[in-house]
Amino acid sequence: MESKQNSTALEGKIALVTGGTKGIGKAIADRLAQAGATVMVTARNQPEETDLKHHFIAADFAEPGSTDKIVNEISEKFGRLDILINNAGGLSSPGGGFSVLTDEHWNNELQLNLMAAVRLDRALLPKMIEQKSGVIIHISSTSGLVPLWEANMPYGVAKAALNAYSKTLSNEVASKGVRVLTVSPGGVRTGGMESFLQGLAEGLGITVADLTQKMMDRIGGIPMGRMAEPEEVADLVYFLVSPAAAYLTGANYIIDGGNLPVVK
Ligand SMILES: NC(=O)c1ccc[n+]([C@@H]2O[C@H](COP(=O)([O-])OP(=O)(O)OC[C@H]3O[C@@H](n4cnc5c(N)ncnc54)[C@H](OP(=O)(O)O)[C@@H]3O)[C@@H](O)[C@H]2O)c1
């Protein structure tokens, strides 16, 4: 098997990872750089200088001008993009089902988990099509495949829409040299996951450990008995953007330790 340290599969490639400063996005950014890519990351907050390993672009997807800012910086610094990882996402709406969810909650989840990717793809795809090459990955979630109304209805619905959008877009651009794929992680041990569990546990008046157990039971258990590490998701993403995956497009890759109780 190819050694991670010696890999040069992505040498010369320019990659952008949204939300690339923490959790899954950070692991992906590091993994792509390890394989030789030049990596840009976006987030709202600039990391400490010592943690800043990649070109940083400050952008908040809640602000309408964020896409233009990112696209302008890419075009000024590199003039091209080969790999786009739409990773920024997460959930901020409360659990508890339909009656506690306002238009604002729905809108926030849809903006961050669907529209941020739609806008960025729309702005960056024309250049990829002109180059006749490029790979776009949408980081979704198994929540887009499982109706977990108690915990995260608008988030799951936004990710389900992202899955449908990603598949549809892949059909449109496959013949133009651009591959579009979806990656759906189950639980991954990140800061985002920690704060989600903490917020929900407080709301329910139970401990994070009890809530975690309840959630594992509710989703039918994880056969591997643990959540994923961000680096495990990053390894899958690395493979999907690498030349070894040249015939893969339009598919949704589930990485969940065997959790989803379906035969697909
Ligand atoms: N962790 C899981 O269990 C899990 C499971 C399935 C799917 N996912 C998906 O995986 C992706 C990453 O999740 P994660 O757990 O790694 O998240 P995380 O640890 O919370 O990191 C999120 C990243 O996105 C940035 N970000 C957040 N909100 C943003 C905004 N409004 N505008 C711009 N950047 C923003 C954050 O930086 P700033 O805060 O500085 O902006 C950070 O770099 C998300 O799409 C999530 O839905 C996660």
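Below is a summary of the structure that appears in this document.

The rules behind these values
Residues numbered from 1 in each chain as written. Predicted model: local features only at pLDDT ≥ 70, side-chain atom pairs only at ≥ 80, totals over all residues. Heavy atoms only, no water. Near = heavy atom within 4 Å. Polar contact = N/O pair within 3.5 Å; in protein donor to acceptor, adjacent residues only side chain to side chain. Areas by Shrake-Rupley, 256 points an atom, 1.4 Å probe, with all protein chains shown as cover. Helix = DSSP H or I, 4+ residues; strand = E, 2+ residues; numbered from the N terminus. Pairing = 2+ DSSP bridges. Axes fitted to C-alpha atoms, helices over the stretch in contact; angles between N-to-C directions. Contact = heavy atoms within 4.5 Å.

**Comments concerning the site of the ligand**
Alright, step 1. Near the ligand, the surroundings consist of 30 residues, among which Arg44, Asn87, Tyr155, Val188 and Thr190 are the closest.
Alright, step 2. In this structure, an oxygen atom belonging to the ligand sits 3.2 Å away from a main-chain N or O atom of Gly19.
Alright, step 3. Within the side chain of Asp60, one N or O atom sits 3.2 Å away from a nitrogen atom of the ligand.
Alright, step 4. Protein contacts shield 92% of the accessible area of the ligand, which totals 900 Å² for the unbound molecule.
Alright, step 5. Breaking the shell around the ligand down by element, the ones donating at least two residues are helix 1 (23-34), helix 4 (149-173) and helix 5 (191-204).
Alright, step 6. The element best represented in the shell around the ligand is helix 5, accounting for three residues.

**What to know about the sheet that holds strand 1 (residues 14-18)**
Consider a sheet: its strands pair through backbone hydrogen bonds, and that pairing is either parallel or antiparallel.
Alright, step 1. In spatial order, the strands read 3-2-1-4-5-6-7; together these seven strands make up an open sheet with parallel pairing. Pairing within the sheet leaves two strands with one partner each, and these edge strands are strand 3 (55-58) and strand 7 (252-255). Strand-to-strand twist in this sheet, taken as the mean axis angle between neighbours without regard to direction, amounts to 20°.
Alright, step 2. With four bridges connecting them, strand 2 (residues 38-43) and strand 3 associate as parallel partners. Note that in strand 3 the partner of Met40 across the bridge is His55.
Alright, step 3. Against the sheet, helix 1 touches strand 1, strand 2, strand 4 (83-86), strand 5 (134-139) and strand 6 (178-185), its axis set at about 170° to strand 1.

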